[in-house]
Amino acid sequence: MRLTIHRGAREIGGTCIELQSGNSKVLIDFGLPLVDVNREPFDRESIKSQSKDDLIQSGVLPDIQGLYKDEQPAFDAILLSHPHQDHYGLLSYVNPKIPIYLSQGCLELINISYYFGQTDSDLRNVEAVTMWKPFEKGNFVITPYPVDHSGFDALAFLIESDGTRIFYSGDFRGHGRKSILFDNMLKNPPKSIDYLILEGSMLGRDKGQYRTERDIENELVSIFTDKTRLFFLACSSQNIDRLVSVYRACIRSDRIFVIDPYTALILDKLKKISERIPQFDWGRNIRLFFVPNRYTRRMSKDRSLFKFKSAKITYQEMQNNKGQLVIKDSYSTRQIFAKKRDMANSTLIYSMWDGYLSDVEPFWDEHNVPIAKVHTSGHAYMDELQEFAKALNPKYIIPNHTFYPEKYLELFGNRTKIVGDRERIEI
Ligand SMILES: [Zn+2]
């Protein structure tokens, strides 16, 4: 087999890995970069006006023959690990004749992102996989494994060909609401792995406090006991684990989680995957504010908004019950409260990656609203990476999705095999 990491060998984001066995090829993930060549945040808007050839020239698109729309397809499959744009965000350039394999949850979330114009990836030739069930593509046998991650319904893949077994971890952790998947993997790992392609997002990051998703829920419960305060909560509407933690904390502290139509639609679409995901019509602890933003307008236009009417909460109702609410933050929501001068005795709970905080901090500072950070990472901590590697016991570990591949040597010793971007190796 031949392995090429087109991008991701020494950066987080833009993940793209190619495997070749004889005349068969598969691609694993095809993500948007998160950083540019200077490690500055990647400008997604700037690429929209550029041609495919320009983007290959500038290195945004990997130079891969037989992948793009105007070429004869040379790939048997694209495997998608999870619905984060740094793993799928460049798919709109790909020849739609190449079939895409992904989880049902991943498909739903990418479709929603497309519907709201957050991605150009209009997935057509797709097949939802069955967990743990091997399938054949060309000379490959591929087995999807569900993993615990902040991206919903995330997968790792076991890929076999020619007697060689590769395990691609995707993004994962052991401390989320699906930590049982991590525990089970440690107890019953896939055997005889030759190469483990292992994510290392947390390497080199400030470790912070070790928190599980359950710790987050408990922390929120203790914060919510203060009934004199109105809480805004900033988190991703696609981080389902976190929405569940917030909702459960609201039940435990008898508060109402006020979500927006965009969030309600996501939860509704995922109902068929798990009936434990909170829904807009679950009663007294969840309501909807029809915040006037582009998402709500989009849903109003095609009448999908109508479905959620029964759970609607008006601004007046929110104003009268401030001490009982946890309002999911959005740009428009906070602007309305600020305009009406209803921000006194409020707290923002910041429950997402630190990197976005500087965007919103000035607003809350200006309105004298204190910020409480309550968050845990979607990625494995150092000890989780080590436990995982110990259980799978591969011959080699290939760093991926990390800014610090050299640190793998400290964690895994001489089993580490550092591969550069675009370096083609025989395995
Ligand atoms: Zn991810």
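Just above sits the structure.
Below is a summary of the structure that appears in this document.

## Observations concerning the sheet that holds strand β6 (residues 126-128)
Here is step 1: The seven strands lie next to each other as β6-β5-β4-β3-β2-β1-β19, forming an open sheet whose pairing is mixed. Every interior strand has two partners, whereas the edge strands, β6 and β19 (424-426), have only one. Adjacent strand axes in the sheet meet at a mean angle of 25°, parallel and antiparallel pairs treated alike.
Here is step 2: As judged from the three bridges shared by strand β1 (residues 2-7) and β19, these two strands associate in the antiparallel manner.

## Looking at unusual backbone geometry
Here is step 1: Of note in this structure, D29 is not a glycine but carries a positive phi near 60°.
Here is step 2: Topologically, D29 is positioned in the loop between β3 (24-28) and α1 (52-57).
Here is step 3: By relative accessible area, which is 0% here, D29 ends up buried.
Here is step 4: We note that N393 has phi near 45°; this positive angle belongs to a residue other than glycine.
Here is step 5: Relative to the assigned elements, N393 resides in the loop between α12 (382-392) and β18 (396-400).
Here is step 6: Overall, N393 belongs to the exposed group, its relative accessible area being 53%.

## What about the side chain of D86?
Here is step 1: As for its placement among the helices and strands, D86 is situated in helix α2 (residues 85-88).
Here is step 2: No salt bridge is formed by the buried D86; its nearest oppositely charged neighbour, R205, is found at 8.1 Å.
Here is step 3: A polar side-chain atom of D86 sits 3.1 Å from a polar atom in the side chain of H401.
Here is step 4: Not counting the four nearest positions on each side in its chain, D86 is found in contact with I12, G13, G14, T15, G31, L32, L34 and H401.

## Regarding the packing of helix α5 (residues 213-224) against helix α6 (residues 240-252)
Here is step 1: Two elements in contact, α5 and α6, have axes whose closest approach is 8 Å; the angle formed by their N-to-C orientations is 35°. In this structure, the crossing between α5 and α6 has a hand that is right-handed. Packed against α5, whose contacting residues are E213, R214, I216, E217, N218, L220, V221 and F224, the element α6 presents D241, R242, S245, V246, R248, A249, C250 and R252 at the interface.
Here is step 2: A class-by-class count of the residues in the contact of α5 with α6 yields seven nonpolar, two polar and seven charged.

## With respect to the packing of helix α3 (residues 104-115) against helix α7 (residues 261-269)
Here is step 1: In the contact formed by α3 and α7, the axes pass within 10 Å of each other and the chain directions differ by 150°. Classified by the angle their axes make, α3 and α7 are roughly antiparallel. Once α3 is placed against α7, the crossing between them reads as right-handed. Contacts between α3 and α7 involve E108, L109, I112 and Y115 on the former and, on the latter, Y262, L265, I266 and K269.
Here is step 2: Here the contact of α3 with α7 is built from residues that sort into six nonpolar, no polar and two charged.

Parameters at a glance
- Residues numbered from 1 in each chain as written.
- Predicted model: local features only at pLDDT ≥ 70, side-chain atom pairs only at ≥ 80, totals over all residues.
- Heavy atoms only, no water.
- Pairing = 2+ DSSP bridges.
- Helix = DSSP H or I, 4+ residues; strand = E, 2+ residues; numbered from the N terminus.
- Axes fitted to C-alpha atoms, helices over the stretch in contact; angles between N-to-C directions.
- Buried < 20%, exposed > 50% of the residue type's maximum accessible area, 1.4 Å probe, protein only.
- Lys, Arg positive; Asp, Glu negative; His and termini not counted.
- Salt bridge = Lys/Arg side-chain N within 4 Å of Asp/Glu carboxyl O.
- Polar contact = N/O pair within 3.5 Å; in protein donor to acceptor, adjacent residues only side chain to side chain.
- Contact = heavy atoms within 4.5 Å.
- Left-handed = near helix turned anticlockwise from the far one by under 90°.
- Nonpolar A, V, L, I, M, F, W, Y, C, P; charged D, E, K, R; others polar.
- Parallel < 35°, antiparallel > 145°, perpendicular 65-115°, else oblique.

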